[in-house]
Amino acid sequence: MLNQLTVFLQNTEGRLAQMCRVLADADINMHSLFIADTVDFGVARVFCDRPRAARKALNSAGFRVSVIPVVGVKVPNRPGGLAELVELFDKHGINIEYNYCFTISDNQAIDIIKCDDVGVEKILVDAGFVLVQKEEIYQRD
């Protein structure tokens, strides 16, 4: 499992900049940032080198933040690669709470999955998928 920082942000001008400044001032390096938004708020999903320290710094600055366990899976970067992964979840009756992907090379993508099934990593490995190791996302915790 990977530790992802989830930050709830008011959808107001400058709030994302404030979050980034708090992390920078705490000497925390963000490796990736994904934002989903609504009219009133946004949810920032962050991989950083020290997620627990980031949570502490952001909480101290008045942000609502959690460290959430997610699964990272290497997926072939080709048509059908993601379909095969999510079909495996469907086959095993595992609900995906949320999911996002990004390409890391011509041949490979990474899919980040939030689900509540504690046995999902074994299911993925048994099916031939390669899990992303935390060292591939952040250096220290």
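Above: the structure in question.
Owing to the predicted nature of the structure, the values given are computational and were not obtained by experimental measurement. (Residues numbered from 1 in each chain as written. Predicted model: local features only at pLDDT ≥ 70, side-chain atom pairs only at ≥ 80, totals over all residues. Heavy atoms only, no water.)

Draft legend 1. Fine view of helix 1 (residues 15–25). Along helix 1, the residues that are buried comprise Arg15, Met19, Val22 and Leu23. Projected onto a plane normal to the axis of helix 1, the buried residues spread over an arc of 95° and lie on a single side. With respect to the buried face of helix 1, the exposed residues turned more than 90 degrees away are Ala17 and Asp25. Close packing links the buried residues of helix 1 with strand 1 (2–10), strand 2 (30–37), strand 3 (41–48) and helix 2 (51–60). (Buried < 20%, exposed > 50% of the residue type's maximum accessible area, 1.4 Å probe, protein only. Helix = DSSP H or I, 4+ residues; strand = E, 2+ residues; numbered from the N terminus. Arc of directions from axis to C-beta. Contact = heavy atoms within 4.5 Å.)

Draft legend 2. Geometry of helix 2. For helix 2, the complete set of buried residues consists of Pro51, Ala54, Ala57 and Leu58. Projected down its long axis, helix 2 shows its buried positions confined to an angular sector of 120°, all on one face. Opposite the packed face of helix 2, turned more than 90 degrees from it, sit the exposed residues Lys56 and Ser60. Close packing links the buried residues of helix 2 with strand 1, helix 1, strand 3 and strand 4 (64–76). Gly62 lies just past helix 2 and shows a positive phi near 90°.

Draft legend 3. Representation of the pattern of salt bridges within the structure. Taken as a whole, this structure holds five salt bridges when the rule is applied. One salt bridge connects Arg21 with Asp25, and the closest N-O pair in it is separated by 3.1 Å. Placement of both Arg21 and Asp25 in helix 1 is noted, with a separation of four residues, approximately one turn of the helix. Measuring nitrogen to oxygen at the nearest pair gives 3.0 Å for the salt bridge that ties Glu84 to Arg78. Glu84 gets classed as partly exposed once you look at its relative accessible area, which sits at 37%. A single network of salt bridges, built from pairs that share partners, joins Glu97, Lys114 and Asp116. (Salt bridge = Lys/Arg side-chain N within 4 Å of Asp/Glu carboxyl O.)

Limitation: the analysis is restricted to geometry and does not speak to function.
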